[in-house]
Amino acid sequence: MSNDELPVKFKPYTRQTISQAPQWQQLPPKLREAVQVVSRVLPFRTNQYVMNELIDWTDIPNDPIYRLTFPHEDMLPPSEYAQLRNLVLEEKDEAAIEKMVRAIRMRMNPHPAGQMTHNVPFLDGQPVSGLQHKYKETVLFFPSSGQTCHAYCTFCFRWPQFVGMDDLKFDARESNELVAYLKQHPEVTDVLITGGDPLIMNTRSLAGYIEPLLAPDLSHIQNIRIGTKSVSYWPQRFVTDKDSDDLMRLFEKVVAAGKNLAIMGHYNHPAELRPAIAQRAVKRIVSSGATLRMQAPLIRHINEDPKGWAELWTTGVRLGAIPYYMFVERDTGPSHYFQLPLAKAYEIFQAAYQTVSGLARTVRGPSMSAFPGKVVIDGIVDIRGEKVFALQFLQARNPNWVRRPFYAKFDPAATWLHDLKPAFGERKFFFEEESMTNISVVRHAGHALSSASTEPAYAIASNA
Ligand SMILES: *Cc1c(COP(=O)(O)O)cnc(C)c1O
Ligand code: SF4
């Protein structure tokens, strides 16, 4: 056993405890202050492994993993930062702080892409709160005990659930409802267990959610996916934790039951895959018979360098992982700080893609998870004298929309689908013609949605 395979205990740091970390005293006061102030609004959690092994402290604050896990002053507009700083550090008025924090959070678009109202499925006429069913073949499951992470990413669109905006929280008390729902939906082939990070759970709890999916009457479930950032923030989960071997046995059990177990690993930066323990984690996952896919959003200040993406994908492929998606950062939270124009995202993707072997070109992107579906930017081209974005759906609420090329006027400043206008003088995108009436029905009806029987959410936008 090499040194880094000796068991280490997981040690998280939060706003309340970060001052105990050895690196804290070396942080310049201005950066410490930013952590104290901004972490009132956005969740802050890091851990000892991330601080000791992934962050280069000689390159603060520009180090990408520092930017990935530590809040910055620039994440709030200057006037807001100044006002909140004053409340937190000078006046120390908790009631006023709370009021301001709430106002800032509401301004930050806490639930993008219609997740809360449009994707919640129904079972016997009742909404099932821990599930999302947006695309026909895949159900997302949010186990209640997997709603935190080994560290928080500063850009994460799931921040509302980490700061306890309770009315916005997904929650699933049991897997019973999941199983009951899946029994009624033979069109579902994939269950994606997500969070938070489901691998924050111990193996026994995780098994409680996964094993029921292996039952013979759920034979239509072919793929069980687990979305996780543990591969980066706590690779010990797969190697040296006291139930790591049990976790591998659980993975093997899923595979032996004839299912594909797909670990959807979130990797933002090649630094996350450089430590020996992180590489061991990949090897162990793959040798259990599970597959490991790599996906991440493209984030300004964190992973803008095409060489970094190429290193990440190539290292992953060498270890046995499969590059999958590069996402465009969503329009929530401090998105003004993290967002890149779509044109720039396309350039970065293309530059990285051009340098890697075909084995790494399984990756697709840059892709926006928008209301109608996942839209990928295929290119920037001149057609009939007009400069346009060439786009298509990789996933859509209506399966007929998938892989149908469409075009938007080129706009160098656009950062999201809603900024784009149809090209060639058309008034609407093809998917708007079909869905607008339905979207407005859903919007007006509000709770009519909940009387809409057991129809899955994805059907609503497509049954014109
Ligand atoms: C991305 C995504 C999925 C899975 O899509 P694949 O393209 O099959 O990986 C499922 N549900 C939602 C809501 C998603 O955003
Ligand atoms: S690990 Fe995933 S869910 Fe957790 S904060 Fe990061 S992006 Fe969000």
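Residues numbered from 1 in each chain as written. Chains lettered and ligands numbered in written order. Predicted model: local features only at pLDDT ≥ 70, side-chain atom pairs only at ≥ 80, totals over all residues. Heavy atoms only, no water.

1. Thoughts on the layout of surface pockets
In this approach a probe as big as a water molecule rolls over the atoms, and the regions it shows empty are the leftover space.
Consideration 1: Considered as a void within the structure, the second largest pocket measures approximately 310 Å³ in volume.
Consideration 2: If you trace the second largest pocket, you find 15 residues lining it, with Phe10, Trp234, Asp241, Lys242 and Asp243 closest to the centre.
Consideration 3: The residue makeup of the lining of the second largest pocket, split by class, is seven nonpolar, three polar and five charged. (1 Å grid on protein atoms, 1.4 Å probe; cavity = no way out; pocket = protein on both sides within 12 Å on 5 of 7 lines; lining within 4 Å. Points joined across faces, edges and corners; volume = space filled by probe spheres on them. Nonpolar A, V, L, I, M, F, W, Y, C, P; charged D, E, K, R; others polar.)

2. Concerning the sheet that holds strand E10 (residues 291–298)
Consideration 1: Taken together, 11 strands build an open sheet; the order of strands is E5-E6-E7-E8-E9-E10-E11-E12-E13-E14-E15 and the sheet is mixed. Here the strands that pair on one side only, and so sit at the sheet edges, are strand E5 (131–135) and strand E15 (406–409). Averaged over neighbouring strand pairs, the angle between their axes works out to 30 degrees when direction is ignored.
Consideration 2: Sheet topology places E10 next to strand E11 (residues 322–328); six bridges connect them, and they run parallel. Paired with proline 297 across the two strands is phenylalanine 327, which belongs to E11.
Consideration 3: Packing against the sheet, helix H14 (residues 306–319) makes contact with E10 and E11, and its axis sits at approximately 175 degrees to E10. (Pairing = 2+ DSSP bridges. Helix = DSSP H or I, 4+ residues; strand = E, 2+ residues; numbered from the N terminus. Axes fitted to C-alpha atoms, helices over the stretch in contact; angles between N-to-C directions. Contact = heavy atoms within 4.5 Å.)

3. Brief notes about the pairing of strand E7 (residues 190–193)
Consideration 1: Alternating positions in E7 separate into two faces, Asp190 and Leu192 on one and Val191 and Ile193 on the other, with burial throughout.
Consideration 2: With four bridges connecting them, strand E6 (residues 138–141) and E7 associate as parallel partners. In the strand pairing of E7, valine 139 is matched with valine 191.
Consideration 3: Strand direction decides the pairing type here: E7 and strand E8 (residues 223–228), joined by four bridges, are parallel. (Buried < 20%, exposed > 50% of the residue type's maximum accessible area, 1.4 Å probe, protein only.)

4. What about the site of ligand 2?
Consideration 1: Near ligand 2 the following residues occur: Cys149, Tyr152, Cys153, Cys156, Phe162, Gly196, Lys229 and His266.
Consideration 2: The residue inventory of the shell around ligand 2, partitioned by class, reads five nonpolar, two polar and one charged. (Near = heavy atom within 4 Å.)

5. Things to note about the nonpolar core
Consideration 1: Counting residues in hydrophobic clusters, the biggest one holds 111 residues, and the most contacted among them are Leu84, Leu182, Ile224, Phe238, Phe251, Trp309 and Trp313.
Consideration 2: Here leucine 84 is in contact with Val37, Arg40, Val41, Leu76, Ile97, Met100, Val101 and Ile104, once residues within four sequence places are set aside.
Consideration 3: Within the second largest apolar cluster, 22 residues are counted, among which are Ala343, Phe389, Ala396 and Phe429. (Core = buried A, V, L, I, M, F, W, Y, C linked by side-chain atoms within 4.5 Å.)

6. Side note on the site of ligand 1
Consideration 1: For ligand 1, the full set of nearby residues is Gln132, Lys134, Tyr135, Thr138, Leu140, Arg225, Tyr324, Tyr325, Lys374 and Gln395.
Consideration 2: A distance of 2.5 Å is found between an oxygen atom of ligand 1 and a side-chain nitrogen or oxygen belonging to tyrosine 325.
Consideration 3: Note that an oxygen atom of ligand 1 is positioned 3.2 Å from one of the side-chain N or O atoms of glutamine 395.
Consideration 4: The cavity that encloses ligand 1 is the largest cavity.
Consideration 5: Looking at the shell around ligand 1 residue by residue, the classes come out as four nonpolar, three polar and three charged. (Polar contact = N/O pair within 3.5 Å; in protein donor to acceptor, adjacent residues only side chain to side chain. Sits in = over half its atoms within 2 Å of the grid points.)

7. What about the confidence of the model for the chain?
Consideration 1: In this model, the chain carries an average pLDDT of 89, and 89% of its residues clear a pLDDT of 70 or more.
Consideration 2: Contacts of residues 166–172 to residues separated by more than four positions or lying in other chains number 22 contacts, the stretch itself having pLDDT below 50.
Consideration 3: Low pLDDT, under 50, characterises residues 436–457; the predicted model gives this stretch 28 contacts beyond four residues in sequence or across chains. (pLDDT = per-residue confidence, 0-100.)

8. Let's talk about empty space enclosed by the protein
Consideration 1: Here the structure, examined in full by the defined rule, presents five cavities of 30 Å³ or more.
Consideration 2: Here the largest cavity is characterised by a volume of approximately 970 Å³.
Consideration 3: Along its surface, the largest cavity is lined by 43 residues, and Phe157, Arg158, Gln295, Phe327 and Arg330 are the ones closest to its centre.
Consideration 4: Elements represented by at least two residues in the lining of the largest cavity include exactly E5, E6, E8, strand E9 (260–266), E10 and E11.
Consideration 5: At four residues, the largest contribution of residues to the lining of the largest cavity is made by E11.

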